[in-house]
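Structural overview
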Amino acid sequence: MSTSARQQITPELRRWIVEQAQAGHPAESVLRTMLASGWQEEVALDALETTLSGHLEQQARAQGLPPASAVPDAALAESPVTIDCGDCQVDVLQAMYNPRIVLFGNLLSAEECEQLIALARPRMARSLTVATRTGGEEVNDDRTSNGMFFQRGENALVQRIEARIGRLLNWPVENGEGLQVLQYRPGAEYKPHYDYFDPAEPGTPSILKRGGQRVGTLVMYLAEPAKGGGTTFPDIHLEVFPKRGHGVFFSYDRPHPSTRTLHGGAPVLAGEKWIATKWLRQGRFD
Ligand code: PD2
Ligand code: ZN
């Protein structure tokens, strides 16, 4: 075997990595120790990633959490300032790692925001929420916006925005629900909720037949209210202000409150807030 042959990740190495994590050593310092004792960087990174994620998943299962699934995400490992989405460069303004929340700028142009509103306006109706007890839809006092859904790929504008989102979040366009446009007048709000479907509700299995769970949400701001209307994340005390053309993305790898993705639309206090929401499923949504 040549000296550059790839080293093997042994069960002993995996055990040692788990012990280091349990002793509270951060992954970076475990990596430094491994490199100092002669492990190839590629092998050390692979061993750390697979061992720690496997260990975390085992622990989560032991606590009775539902299994984790893959989630959409922007490629932010190298901290890019912009992301090339094919037809435009989207700005990365802020990123949080746990929960995963990313704020984007220049996601939609002012013209695209206006066009979406103009196309949606004649089709607006009181928003419904999914009734997870039955799998149907219902009017809900927690959600007092007006809204409408575009079909996926319904027109050239929607197609262009969906392709952009697919590239931004590295997720198949086919896994997206239709773009939803929402209008919040003064007093309208969307009380805090999770976007995934509660596995304990009887209607959920039938909802999941079409595309599986929701695993990510992108809220795009089309028109700014003068006051109020922020997107709030109560578990982490975060409020995102509704700036036209910006978008806030968050993902949830299991349908469980441990994701800390409880979020809501705060009441609009003055003016009108318009958003477009893209909910992303695990699989193809037809
Ligand atoms: O309008 C919002 O900021 C908001 C808040 C919570 C939108 C959604 N959820 C959503 O569309 O899921
Ligand atoms: Zn939501």
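Structure's up top.
The text that follows walks through the structure, step by step, so that each part is easy to find. (Residues numbered from 1 in each chain as written. Chains lettered and ligands numbered in written order. Predicted model: local features only at pLDDT ≥ 70, side-chain atom pairs only at ≥ 80, totals over all residues. Heavy atoms only, no water.)

1. Side note on the overall build of the chain
Each helix and strand counted, the chain has six helices and 17 strands in total. Partitioning the intrachain contacts of the chain with sequence separation of at least 6 by distance along the chain shows that 75% fall at a separation of at least 24. Put simply, the chain shows about 14,300 Å² of open surface, and 52% of that area lies on carbon and sulfur atoms. Taking the average location of the 29 positive side-chain charges in the chain and that of its 34 negative ones, the two points are 4 Å from each other. (Helix = DSSP H or I, 4+ residues; strand = E, 2+ residues; numbered from the N terminus. Contact = heavy atoms within 4.5 Å. Areas by Shrake-Rupley, 256 points an atom, 1.4 Å probe, with all protein chains shown as cover. Lys, Arg positive; Asp, Glu negative; His and termini not counted. Charge placed at Lys NZ, Arg CZ, Asp CG, Glu CD.)

2. With respect to the nonpolar core
In terms of nonpolar packing, the biggest core is built from 36 residues, with Phe104, Leu116, Val181, Met220 and Leu222 touching the most fellow members. For this core, the elements supplying multiple residues, two or more each, are strand E2 (89-97), strand E3 (100-105), helix H4 (110-120), helix H5 (156-169), strand E10 (214-223) and strand E17 (273-281). When residues in this core are grouped by element, the largest group, six residues, is from H5. Apart from the residues within four sequence positions on either side, Leu116 is in contact with Leu108, Phe150, Leu157, Val158, Ile161, Leu179, Leu222 and Ala276. (Core = buried A, V, L, I, M, F, W, Y, C linked by side-chain atoms within 4.5 Å. Buried < 20%, exposed > 50% of the residue type's maximum accessible area, 1.4 Å probe, protein only.)

3. A look at the packing of aromatic side chains
What the rule picks out here adds up to five aromatic pairs. Look at Phe233 and Phe250: their rings are 5.2 Å apart centre to centre, the planes differ by 85 degrees, and that puts the pair in the edge-to-face class. Of this pair, Phe233 sits in strand E12 (residues 231-233) while Phe250 sits in strand E14 (residues 247-251); the two residues are 17 residues apart in sequence, bridging distant segments of the chain. By relative accessible area, Phe233 is classed as buried at 0%. Judged by centre distance (5.9 Å) and plane angle (45 degrees), the ring pair of Phe250 and Tyr252 falls under tilted. When its relative accessible area of 0% is taken as the criterion, Phe250 is described as buried. (Phe/Tyr/Trp six-rings, centres within 6.5 Å; stacked < 30°, edge-to-face > 60°.)

4. Some remarks on the sheet that holds E12
Strand order in the open sheet formed by four strands is E9-E15-E12-E13, and the pairing between neighbours is antiparallel. Here the strands that pair on one side only, and so sit at the sheet edges, are strand E9 (190-193) and strand E13 (238-240). Ignoring which end each strand starts from, the neighbouring axes of this sheet average 15 degrees apart. Of the pairings in the sheet, the one linking E12 to E13 comprises three bridges and is antiparallel in character. Bridging across to E13, Thr231 finds its partner in Val240. (Pairing = 2+ DSSP bridges. Axes fitted to C-alpha atoms, helices over the stretch in contact; angles between N-to-C directions.)

5. Side note on the side chain of His263
With respect to the helices and strands, the residue His263 is situated in strand E15 (residues 263-265). Here the side chain of His263 touches Asp195 through a polar contact of 3.2 Å, side chain to side chain. Not counting chain neighbours up to four residues away, the residues in contact with His263 comprise Lys191, Pro192, His193, Tyr194, Asp195, Thr232, Phe233, Pro234 and Phe250. (Polar contact = N/O pair within 3.5 Å; in protein donor to acceptor, adjacent residues only side chain to side chain.)

6. Some details on the pairing of strand E5 (residues 128-131)
When E5 meets strand E6 (residues 136-139), the two strands line up antiparallel, connected through four bridges. The partner of Ala131 across the bridge, within E6, is Gly136. Between E5 and E6, which follow one another and run antiparallel, lie four residues, and Gly135 among them has a positive phi close to 90 degrees.

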